[in-house]
Structure formats: structure tokens, C-alpha cells
Amino acid sequence: MSELPPIPSGSPGPRLDRRALLQGASLGVAGAALARIGSAQDATALHHPPRARRVVHLFMSGGPSQLDLWDPKPLLRERNGEELPGSVRQGQRLTGMSGNQASLPLAGSIFDFQQHGESGTWASELLPHTAAIVDDLCVVRTMVTDAINHDPAATFLLTGSEIAGRPSAGAWLSYGLGALNRDLPEFCVMVTQGKGGQPLYERLWGSGFLSARHAGVQFRSGGDPVLFLNDPPGIDRATRRRMLDALRGAAGGADADSAARTAQAELAFRMQMSVPEVADLSDEPDATFELYGEDARKPGTFAANCLIARRLIERDVRFVQLIHQGWDQHGSLPGAIRTQCKETDQASAALVTDLKRRGLLDDTLVVWGGEFGRTCYSQGALSATNYGRDHHPRCASMWMAGGGVRAGHTHGETDEFGYNVARDPVHVHDLNATLLHLLGIDHERLTFRHQGRRYRLTDVHGSVIQPLLG
């Protein structure tokens, strides 16, 4: 039997357990489930006062090169073309793509780095807009993962397990905290249109063994923002309302699965009004598009998705995830990463700035990063102007803003080659534990019983990284 998150001792208030479901209420099981879903916030699920109420996750699919964006390594430039020392690699595994190379030549970044802001945070010339807001960012240079290939690494980052089928982070938050806005999904997902790269799967924002209602709802560009939301020809809104009333009445003595389906149908009915409104950017002033960039006028671009993300956050959607593919640069990295940064830099910075201007950044956590980092040596041929980088799970860079994180802080240090963590590693499980902590959740207590054991986002690992907290 599934369970809601444990209630802290001394915290009053009911929760929806099996007995409550069986007893129902005036509306039976469906009514009890709808009451749970419709609550503004399940305060009894919080284990301590939260710093954040909402999350925007900017997932850079493919693994951005930290050595060309956030982690400058002068030694790599000085020793450009020399062989990676065995004392640095220490026999660690490589992928099959570069593991069979006869040589592993060090590849210094061709891009210049400068310190920015009062914090003196280092950032690449590729990120002029993000560099302008570094005093609002907490940059982590020492992210560590267990996986060396894309599918398991992305699955690990987004669900806490390399094994497919676990609930995603957004689903865990939906399950643990419930909805802030009953007219919109608790978890929304947008994928930049027209980008190639590593394949994406709906399980990356799925609910796993949790109820399907906790899964992310994908917003799409053009036509209907959400598939199958509109009524078919011949069915008007009044007719749909009567159908839902009849369905809810029929579900009065049904099981929890039927109640969940009824609740989803009710949400879809409300979304027929709320989703078109939030996806319609016609009421945004020109100044907004100047902030996010002209790409924000083009549906499906990363910039347009960032703007919709802000509109969703304004309406108290709990978890918004944006996915931008194309960061898997095994070859021709300089040209490819310029394109990626041109597509994402301005809009990422604009989202943080916009949330801050509207007073939303204090309780909204923005997270930017990929599934792993890139190698300090070149995959394939190295020239004065061109190189590639292979997957590197040993260290990557990411940043966070708002939501109680330590602004203007750079966390951790990698070695002078950018190959190993020198101090203060942050494992994927530690990151997820910290994110949950900021949202008022003890990661060890947000559990779900499935197939005889209690599962959680951080499995049996993870620690809150206190230096990341503001």
C-alpha cells in the first residue's frame, strides 16, 4: 500500500490514507482524492519551514562542457596537446568512443574567462548575459555522477536512479507537496523544438510507480499546447461538465485508481481554460521580449519556453522543467557550443532577472545543468581551433539561483587539469537531497512503499550540502 510522506511529530492535520479513502466523504473516494489534489498546500507534508515553493529546472541535455563555460583551467592551455598524465587519470574508465584512442591530448579551451560581479565569479565569454547575473547564482563546479553514458546519466539525474521506471523529481514533489494551483498541472515540461541530440523519453518526467497524476504534463508549441485537451467536435463545455458530474457520481464507491482518473478528468476540464491563457504571450509587452530575446516570439524556442515558465511560476505551478538538447559535443565543440549558448544564455539569465523583478525569485529555485561534464582531453583530432570532448562523470558544473541558495557563491574545486574533484564534491544524490531540503522536505522521510520496500528520490544515499544554502 502506498503512503503519503510521514508527518513530523507534533504536526496536526489529516492525511489521505487507505482508511480515509475507504470511508470517503460526501463524494466518496473521488471526493476525498479531489480534496487532496485541490488543497493549496499540504502543510502537514512539510518537515521543516521551506525556503522555496517552486522549481524551474533548465536541463541541458547532452552534458555542457564545464571547461569552456564555468571552470577555467590555465594549465590546459599551457600544456595543450600534451598527453593526459596517467597520474591524473588513475586508471578510471573511459567511454568506448575515446577509450581506444592512441592518444588523449589535453585540450585547453579557446574561449576566454573573466571574473564578474562583486562575487568575482568566473564565467566564459560565451555567457555574457549569465555573467551579468552571477551575484544571484550559486555555481557548483564539483558535480559528480555514477553514469558515463547519456541514458543512465540523464535517468539518474532526473529520477535518482540509473534504472528506468522510478518517479522523476517533479513527480516526487507533486506526490509530497500537492498542488499550489488547482487549475494547472503540478509538474509541467517543455522541450525545445527542432533540436537534435540524445533521445528523450517520457519516463524522464514520468511518475514511475507513483500515481499517473504526478507525471509531468508536456506543453508543446503550435496548435494545442497540451495534446487531447480540447473537446471533440459536437461536445461543448456544458456537455463536458455534465459528463464529469455523472462520472464523479459513479465513482463514489470506486477504488483509488478510479478516483485518480476522475480527478485527472476534472483537472483537464479546468486546464481547457487555464492552459491557453498561460501559453498566450500576446499580452506580454515589448520590454519582455527585449529581455528574453527576439527568439521568445517564436513558439518552441528555448527563449519562448523560458517565458512560459515564468508565466507558469507566476501561477504557482510547483515544478517546471525545460529541456534543451544539443550539448553532446564529441567533435567540433567550439562551433557547436557557440550555437548552444546563443540559444540559451540570454533567456536563462532573463528568467532569473524576471523572477527577481517580480518578487518570485526568493521562493523559486532555478537549476541549470546537464547529466555530466566533459573531458579535459580531446576526443578525436586536436587543432588550434577545433576539438571535441567526451563524457566525463567525475566533475561537472551547474548553477542554481533563488529559493534559499547562497547567492554569489562558487562551490568546490577541481584539480588543475579539470579531471578530478579536489575538494567539496556534490553527488547527484546530494543535489537532490539539498533541493528537497530547500522545499521543506527531509529527503529520508519522503518515501513510497513499492514491492516490499520504501523508495525515495535519493535511494539510501545523499546529504544536504550546507554551504550551498543561503
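Residues numbered from 1 in each chain as written. Predicted model: local features only at pLDDT ≥ 70, side-chain atom pairs only at ≥ 80, totals over all residues. Heavy atoms only, no water.

## Regarding the pairing of strand β7 (residues 319-324)
Along β7, six of the six residues are buried, which leaves the element largely enclosed by surrounding structure. What you see with β7 is no split at all: Phe-319, Gln-321 and Ile-323 on one side and Val-320, Leu-322 and His-324 on the other are buried throughout. (Buried < 20%, exposed > 50% of the residue type's maximum accessible area, 1.4 Å probe, protein only. Helix = DSSP H or I, 4+ residues; strand = E, 2+ residues; numbered from the N terminus.)

## What to know about the pattern of salt bridges
Counted according to the given criterion, the structure contains 32 salt bridges. Between Arg-141 and Asp-71 there is a salt bridge whose closest N-O contact spans 3.9 Å. One end of the pair, Arg-141, is in strand β4 (residues 137-144); the other, Asp-71, is in the loop between β1 (54-60) and α3 (74-78), with 70 residues separating them in the sequence. A relative accessible area of 15% means that Arg-141 is categorised as buried. Beyond isolated ion pairs, a larger network of salt bridges with shared partners links Glu-277, Asp-283, Glu-284, Arg-310, Arg-311, Glu-314, Arg-315, Asp-354 and Arg-358. (Salt bridge = Lys/Arg side-chain N within 4 Å of Asp/Glu carboxyl O.)

## Observations concerning unusual backbone geometry
Here the phi dihedral of Asp-424 falls at roughly 60°; this positive angle occurs in a residue that is not glycine. The topology assignment puts Asp-424 in the loop between β14 (421-423) and β15 (426-427). Judged by its relative accessible area of 35%, Asp-424 is partly exposed. At Asp-459, a position not held by glycine, the phi torsion is positive, near 55°.

## Some points on the packing of helix α11 (residues 302-314) against helix α12 (residues 333-357)
One way to put it is that α11 packs onto α12 with a least axis distance of 8 Å and a crossing angle of 15°. Between α11 and α12, the crossing angle belongs to the class labelled roughly parallel. As for how α11 packs across α12, the hand of that crossing is right-handed. Judged by residue contacts, Phe-302, Ala-303, Cys-306, Arg-310 and Ile-313 of α11 engage Glu-343, Thr-344, Ala-347, Ser-348, Leu-351, Asp-354 and Leu-355 from α12. Taken together, the residues of the contact of α11 with α12 sort by class into seven nonpolar, two polar and three charged. (Axes fitted to C-alpha atoms, helices over the stretch in contact; angles between N-to-C directions. Parallel < 35°, antiparallel > 145°, perpendicular 65-115°, else oblique. Left-handed = near helix turned anticlockwise from the far one by under 90°. Contact = heavy atoms within 4.5 Å. Nonpolar A, V, L, I, M, F, W, Y, C, P; charged D, E, K, R; others polar.)

By themselves, these are just geometric observations and shouldn't be taken as functional.
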